[in-house]
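# Notes for the structure review
Next come the chains, spelled out residue by residue.
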Amino acid sequence: MDLLALADFNLVARQGGFGKAARASGRPKATLSRRVSELEASLDIRLFERGSRDLKLTQEGRALYERTAALLTELDETAATIASGGERPRGKLRISAPLLLSQIAMGKIAAGFALKYPEVRLEITTEDRAVDMVEEGYDLVIRVNPDPDDTLIGKPFLRDRLVVVASPGLACPAADIAVPGVVRGASVEQTWEMITREGPAKIRVEPVLVLSSLIMVRDAVRAGIGAARLPISLISHDIADGTLQHWGDVERPEIALWALYPSRRLLSARVSAFLDHLKEVFPNGTPDELAAFIGR
């Protein structure tokens, strides 16, 4: 595929027409039209619907634009960086992060990054769903225990683990006695398995509150309504000062937060800088580091 013709196509699509693209770039309208026509011929598809007054992308044209615009931007920025002889990150950096990390830490992480790299326009959105990075235009995603994906590469930068906690006034019951619980998700009676000082144990849990946020779960447990399973980083200060009591550790794989980016993209200076920033904030990636970072 002719990259110059692809760049001309992106210019016309971004500007919304050949005339506007010609004025924005200072290039002849006829040249842009010819280049786009040559690209359509080489691909054997129509990229624009050409009306008498307006120009609209076809379905195929929109798909091509959405998938190539970010790649061409990265190529331009990489070339500009090399030409200037510097590696200073600049431009827009879009990141998708999970809800809990965003609530407790991402604001502070983002502020520290912005102070170091003022030429980067950082944009972080919060959602727990698995976003389509290419379709939705993200440069980096942070996911909790992600499923294997051949289209993404990355590594974990932070680890955590779940523990069972309750207010000091609530005693850990025997196995056959249900304990009131604060849960995130299903509201039916549950059985929690955990490791205590005495060894493996099970407790029956009857949910009395079903909440959508772990911050809400923590606050409810602090108020004494019941027991809950929470990340140790979120409540380690409460355990240390006696606000909550630690019943045991949850028997399940640890929580791992991964920073991922598309394997077929060039790793931009912006993404590299943000990965380095995460490593500086969490050099060992332990729950204790996260607890210390978010504070009380």
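Refer to the preceding data block for the structure.
For the structure given in this document, a descriptive report is provided here.

Scoring rules and cut-offs
As a convention, each chain's residues are numbered from 1 in the sequence order in which they are written. A pLDDT threshold of at least 70 governs which residues receive local features in this predicted model, and a stricter bar of 80 or more applies before side-chain atom pairs are shown or counted, although totals over entire chains, interfaces and linings include all residues. Derived side-chain values reflect all non-hydrogen atoms in the structure, with water molecules and hydrogen atoms excluded from consideration. Each helix is a run of DSSP H or I of at least 4 residues and each strand a run of E of at least 2, with the numbering of both proceeding from the N terminus. With a 1.4 Å probe rolled over the protein chains alone, any residue whose accessible area is under 20% of its type maximum counts as buried; one over 50% counts as exposed, and the rest are partly exposed. Residue contacts are counted whenever heavy atoms from the two residues lie within 4.5 Å of one another. Cavities and pockets were defined on a 1 Å grid built from protein atoms only: a cavity is a group of points that admits a 1.4 Å probe but offers it no way out, a pocket is an open group of points flanked by protein on both sides within 12 Å along at least five of seven lines, and a lining residue is one with an atom within 4 Å of any such point. Grid points are joined across faces, edges and corners, and a volume is the space filled by probe spheres set on the points. The criterion is simple. A nonpolar core is a set of buried Ala, Val, Leu, Ile, Met, Phe, Trp, Tyr and Cys residues joined through side-chain atoms within 4.5 Å. Paired strands, in this sense, are two strands between which DSSP finds at least two bridges. The angle between two axes is taken between their N-to-C directions and runs from 0 to 180 degrees, where each axis is a line fitted to C-alpha atoms and a helix contributes only its stretch in contact.

Helices and strands together make up the secondary structure of the protein, namely ten helices and 13 strands. Viewed in the frame of its principal axes, the protein has a C-alpha envelope of about 80 × 40 × 30 Å. Counting across all 296 residues of the protein, residues that qualify as buried make up 43%. Put simply, 74% of the contacts in the protein that link residues at least 6 apart link residues at least 24 apart.

Moving on to the layout of surface pockets. Estimates place the volume of the largest pocket at around 780 Å³. Lining of the largest pocket is provided by 36 residues; of these, Leu100, Val144, Arg184, Leu214 and Ile255 occupy positions nearest its centre. Secondary structure elements with two or more residues in the lining of the largest pocket: strand S3 (91-97), helix H5 (99-116), strand S5 (140-144), strand S8 (178-183), strand S9 (190-196), helix H7 (214-222), strand S11 (228-231) and strand S13 (255-262).

A separate point is the nonpolar core. The biggest cluster of nonpolar side chains holds 61 residues, and the ones touching the most others in it are Phe157, Trp247 and Phe274. Looking at this core, the element that brings in the most residues is H5, giving six residues. Those residues in contact with Phe274 that lie beyond four places of it in its chain are Leu93, Ile95, Met106, Ile109, Phe113, Leu122 and Leu140. Core analysis: the second largest hydrophobic core is formed by 19 residues, Ala22, Leu32, Phe48 and Leu57 among them.

Spatially, the five strands line up as an open sheet ordered S4-S3-S5-S13-S6, and their pairing is mixed. Each edge of the open sheet is held by one strand with a lone partner, namely strand S4 (120-126) and strand S6 (152-160). Pairwise comparison of adjacent strand axes, ignoring direction, gives a mean angle of 20° for this sheet. Inspection of the sheet shows S6 paired to S13 by eight bridges, in the antiparallel sense. Bridge pairing links Ile153 to Tyr261 in S13.

Relative to the elements of secondary structure, Thr58 occurs in the loop between strand S2 (55-57) and helix H4 (59-84). Thr58 gets classed as buried once you look at its relative accessible area, which sits at 8%. The contacts of Thr58, once residues within four sequence positions are left out, are Arg46, Leu47, Phe48 and Glu49.

Another point: the sheet that holds strand S12 (residues 245-250). Strand pairing in a sheet is mediated by backbone hydrogen bonds. Such pairs are either parallel or antiparallel. Reading across from one edge, S8-S10-S9-S12-S7-S11 is the order of the six strands in this open sheet, with mixed pairing throughout. Sheet topology places S8 and S11 at the edges, where each strand pairs with a single neighbour. If you compare each strand with its neighbour and ignore which way they point, the axes differ by 50° on average. In this structure, S9 lies alongside strand S10 (residues 199-210), joined through seven bridges in antiparallel fashion. Within S10, the position partnered with Gln190 by the bridge is Val205. Against the sheet, H7 engages strand S7 (162-166), S8, S10 and S11, with an angle of about 125° to S11. Lying on the sheet, helix H8 (residues 232-241) is in contact with S7, S11 and S12; it crosses S11 at an angle near 105°.

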